[in-house]
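The chain contents come next:
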Amino acid sequence: PTKLRPSQAWLSESVSNDRLPSVICIGDALFDCIANERGMSVSDMMDKGEKSWIAFPGGAPANVASACCKLGTSAAFVGCVGQDDDGDTLERLLRDNVGVDVTLLQRTTQAPTRRVLVTRSLDGDRAFGGFAYGRATEDFADCLLDATLVQKNEKYESIMNDAKWIVCSTLSLAYEASADAIITIVERGQESGARLCVDINWRPVFWSDEEKAREVILEFAKQANIVKLTDEEADWLFGITDALENPSKVHAKFPNAQGVLVTAGEKGVSYSLWGASEFVEAFEMDIKDTTGAGDAFIAAMLHGFMAVENLDDLDDLPSEEVYNMMDPLVRFASIAGALTCTKEGAIAAQPTMNEIEEYMFT
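Residues numbered from 1 in each chain as written. Predicted model: local features only at pLDDT ≥ 70, side-chain atom pairs only at ≥ 80, totals over all residues. Heavy atoms only, no water.

Q: Just to check I follow, could you spell out the pairing of strand E1 (residues 22-27) for this structure?
A: For a regular strand, the rule is simple: side chains alternate between the two faces of the sheet. Burial runs high along E1: six of the six residues are buried. Looking at chain direction, E1 and strand E8 (residues 163-169) are connected through five bridges and run parallel. Note on E8: the bridge partner recorded for Val 23 is Trp 165. Summarising the sheet, E1 and strand E4 (residues 75-82) pair through five bridges and their orientation is parallel. Paired with Ile 26 across the two strands is Val 78, which belongs to E4. (Buried < 20%, exposed > 50% of the residue type's maximum accessible area, 1.4 Å probe, protein only. Helix = DSSP H or I, 4+ residues; strand = E, 2+ residues; numbered from the N terminus. Pairing = 2+ DSSP bridges.)

Structure representation (structure tokens):
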């Protein structure tokens, strides 16, 4: 597909400064334990022992926060991790290595930081196969995010007042405490004018009741300004089998949203944004690991949205003008997602602005 032309460099240049408001990412921070052999099942890898898994920091909201900061957009992470070595590592990584604001990060002694077991197919695609320590899905720290404790933090109000975007995946909606916290924080942010971006992020291993999951996820996502989902998730939610070819069909299911982003890995991405709709081919890369590609894509989209002085004005523009603004942004975000696949580990693999620009203009 066509890369960005030099005349479109505004996309990367105009949004990399300190004056931009925060993106608030709410939900899980965890470790993805990725099998070090491809084409193997979870049980086969477990038989090989602990050394058969490589632990990488991750969790969709934490990934988005990190990717935003790497691009120059300030971001905060709100979630709960264990009072353990994994929790220490995640807090240090987000705060010190990447520059994420972790003021509202909670720590608990009641449960450990989650470790997710991830296998990979021969071509690098991932599959989520369960959790470490033999624990049930609800027995990890990220389930225990406490809305009351978040609200008691002395910086909570100022952080929420400054937020322009709130980002949530839906995994933490599977648990009562974390779901309550997410809904409370989102409502507070919306009171101050923050927009909501929801990543559907359907993972059956996190839910005990699929029909309940579909109901909860849909109810929450229908509040969003931007919804990101895969073509497979569009099929799961609505029975739409041609979402990649017709993203407007998905957009129609979210009448309150300004846009929908449909991602499909190596098949590409499509969008329906403020009346403009198009398909963008995937950028060819040497794929090592696809974990976190969608999160880097979301971060890059938000990074670009912040360059638009007033997104509400897009409602009144002809679709051709919106296309001229949004298509380069989606291509930019697609490059960010694709470059994330060239290394292992969701956060470690996220590209910087210089790396994206080097790819775009060389």
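Q: Looking at this structure, I do not really get the pattern of salt bridges. What am I missing?
A: Tallied over the full model, the rule gives 16 salt bridges. Residue Arg 95 is joined to Glu 91 by a salt bridge in which the shortest nitrogen-to-oxygen separation is 3.3 Å. Taken together, the residues Arg 95 and Glu 91, both in helix H4 (residues 85-98) and four residues apart, mark about one turn of the helix. Note on Arg 95: relative accessible area 37%, which makes it partly exposed. A salt bridge links Asp 231 to Lys 267, with the shortest nitrogen-to-oxygen separation between them at 2.6 Å. In this pair, Asp 231 is assigned in helix H9 (residues 231-238) and Lys 267 in the loop between strand E11 (259-263) and strand E12 (269-273), connecting sequence segments 36 residues apart. The exposure class of Asp 231 is buried, given its relative accessible area of 15%. Each of the salt bridges in this network shares a partner with another, and the network as a whole consists of Asp 88, Glu 91, Arg 95, Asp 96 and Arg 107. (Salt bridge = Lys/Arg side-chain N within 4 Å of Asp/Glu carboxyl O.)

Q: Just to check I follow, could you spell out a negative patch on the surface for this structure?
A: Side chains of Asp 123, Asp 125, Glu 232, Asp 235 and Glu 266 sit close together on the surface and give a patch of like negative charge. Residue Glu 266 is classed as exposed on the basis of its relative accessible area of 59%. (Patch = residues over 30% accessible without salt bridge, like charges linked within 9 Å, V, L, I, M, F, W, Y side chains within 5 Å. Areas by Shrake-Rupley, 256 points an atom, 1.4 Å probe, with all protein chains shown as cover. Lys, Arg positive; Asp, Glu negative; His and termini not counted. Charge placed at Lys NZ, Arg CZ, Asp CG, Glu CD.)

Q: Any chance you could explain the packing of helix H3 (residues 60-71) against helix H11 (residues 293-305) here in plain terms?
A: Where H3 meets H11, the axes come as close as 8 Å, and the angle between the chain directions of the two elements is 50 degrees. Considering their axes alone, H3 and H11 lie oblique with respect to each other. Handedness of the crossing formed by H3 with H11: right-handed. Residues Ala 60, Asn 63, Val 64, Ala 67, Cys 68 and Leu 71 of H3 touch H11, and the partners they reach there are Asp 295, Ala 296, Ile 298, Ala 299, Ala 300, Leu 302 and His 303. A per-class count over the contact of H3 with H11 returns ten nonpolar, two polar and one charged. (Axes fitted to C-alpha atoms, helices over the stretch in contact; angles between N-to-C directions. Parallel < 35°, antiparallel > 145°, perpendicular 65-115°, else oblique. Left-handed = near helix turned anticlockwise from the far one by under 90°. Contact = heavy atoms within 4.5 Å. Nonpolar A, V, L, I, M, F, W, Y, C, P; charged D, E, K, R; others polar.)

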